[in-house]
Amino acid sequence: MEHYLPPVRTTTERVLHAVLFEVIANVLVFIILIILSSAAPSQSALLTIVSSTLAMWWNYLFNLIFDSVQLRKGFKKDWRMRCLHSILFELGLLLILIPFAAWWLNITLLAALKLECGLVLFFLVYAYLFNLVWDYGRCVHKNNL
């Protein structure tokens, strides 16, 4: 599915996008961390909150850059672009989160990389689906105005 809306978004829309993305993700990640890691719930909760804050900052910045490139290059968000968008976003986020997770959980960078790679697999699918639904809702909303 392609959308034909221009990528111009207001700051309010960008903030709402980032907050909704993170709220839903936080609930899911907290549950995953409790189930799959040996971290205490409080340790998992704080890791989730700090990671979310860093991810929201990165989400806003990355999408601003991506949309700017889309405007200049004129490409549409087909399935290939959506996949590239998700992969680039997650790679950038890994560079931010691995050192923090290693420090917070007192684990090696390699252990943090393994933990974060597991979460990346989750987020690759989640980010693709979330943005697909977001853009679909955006198209429906704009067409109903």
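As shown above, the structure is provided for reference.
Below you will find a few notes about this structure. (Residues numbered from 1 in each chain as written. Predicted model: local features only at pLDDT ≥ 70, side-chain atom pairs only at ≥ 80, totals over all residues. Heavy atoms only, no water.)

For the rest of this paragraph, the subject is the overall build of the protein. Along the backbone of the protein there are 4 helices and 0 strands. Each helix and strand of the protein, ordered N terminal to C terminal, gives the series α-α-α-α. For 145 residues, the compact-globule formula gives about 15 Å, and the C-alpha radius of gyration of the protein, at 16 Å, lands near that figure. Seen along its three principal axes, the alpha-carbon backbone of the protein occupies a region of about 50 × 25 × 25 Å. Burial status across the protein gives 39% buried among its 145 residues. In the protein, once contacts between residues fewer than 6 apart in sequence are set aside, the share between residues at least 24 apart is 73%. If you sum the accessible surface of the protein, you get close to 8500 Å²; carbon and sulfur atoms cover 75% of it. Taken together, the 11 basic and 8 acidic charged side chains of the protein have centroids lying 6 Å from each other. (Helix = DSSP H or I, 4+ residues; strand = E, 2+ residues; numbered from the N terminus. Rg over C-alpha atoms; globule rule 2.2 N^0.38 Å. Buried < 20%, exposed > 50% of the residue type's maximum accessible area, 1.4 Å probe, protein only. Contact = heavy atoms within 4.5 Å. Areas by Shrake-Rupley, 256 points an atom, 1.4 Å probe, with all protein chains shown as cover. Lys, Arg positive; Asp, Glu negative; His and termini not counted. Charge placed at Lys NZ, Arg CZ, Asp CG, Glu CD.)

Here the focus is the pattern of salt bridges. Scanning the entire structure with this criterion turns up 5 salt bridges. Arg-14 serves as the salt-bridge partner of Asp-67, at 3.2 Å between the closest nitrogen and oxygen. Highlighted residues: Asp-67 in helix α2 (residues 41–73) and Arg-14 in helix α1 (residues 11–36), separated in sequence by 53 residues. An identical accessibility class is assigned to Asp-67 and Arg-14; each is buried. Here Asp-135 ties to Arg-82 by a salt bridge, and the two come within 2.9 Å at their closest N and O atoms. Remark: Arg-82 occurs in helix α3 (residues 79–105) and Asp-135 occurs in helix α4 (residues 109–144); sequence separation between them is 53 residues. Since its relative accessible area comes to 6%, Arg-82 is described here as buried. (Salt bridge = Lys/Arg side-chain N within 4 Å of Asp/Glu carboxyl O.)

Here we take up the packing of aromatic side chains. All told, the structure shown has 14 aromatic pairs when counted by the stated rule. Ring centres 5.6 Å apart and planes at 75° place the aromatic pair Phe-66 and Phe-75 in the edge-to-face group. Between Phe-100 and Trp-103, the aromatic rings sit 5.9 Å apart at their centres with planes inclined by 45°, giving tilted as the arrangement. With Phe-100 and Trp-103 both in helix α3 and 3 residues apart, the pair spans about one turn of that helix. Overall, Phe-100 belongs to the buried group, its relative accessible area being 16%. Of the aromatic side chains, those joined through ring pairs into one cluster are Phe-21, Trp-57, Trp-58, Phe-62, Phe-66, Phe-75, Phe-89, Phe-122, Tyr-126, Phe-130 and Trp-134. (Phe/Tyr/Trp six-rings, centres within 6.5 Å; stacked < 30°, edge-to-face > 60°.)

If you trace the backbone, Glu-116 turns up in helix α4. In this structure Glu-116 touches Leu-94, Leu-97, Ile-98 and Ala-101, once residues within four positions along its chain are discounted.

When two helices pack together, their arrangement is given by the angle between the helix axes and the distance between those axes. Packing of α1 against α2 leaves a shortest axis separation of 9 Å and a crossing angle of 145°. Considering the relative orientation of α1 and α2, their crossing is right-handed. Residue composition of the contact of α1 with α2, grouped by class: 14 nonpolar, 8 polar and 3 charged. (Axes fitted to C-alpha atoms, helices over the stretch in contact; angles between N-to-C directions. Left-handed = near helix turned anticlockwise from the far one by under 90°. Nonpolar A, V, L, I, M, F, W, Y, C, P; charged D, E, K, R; others polar.)

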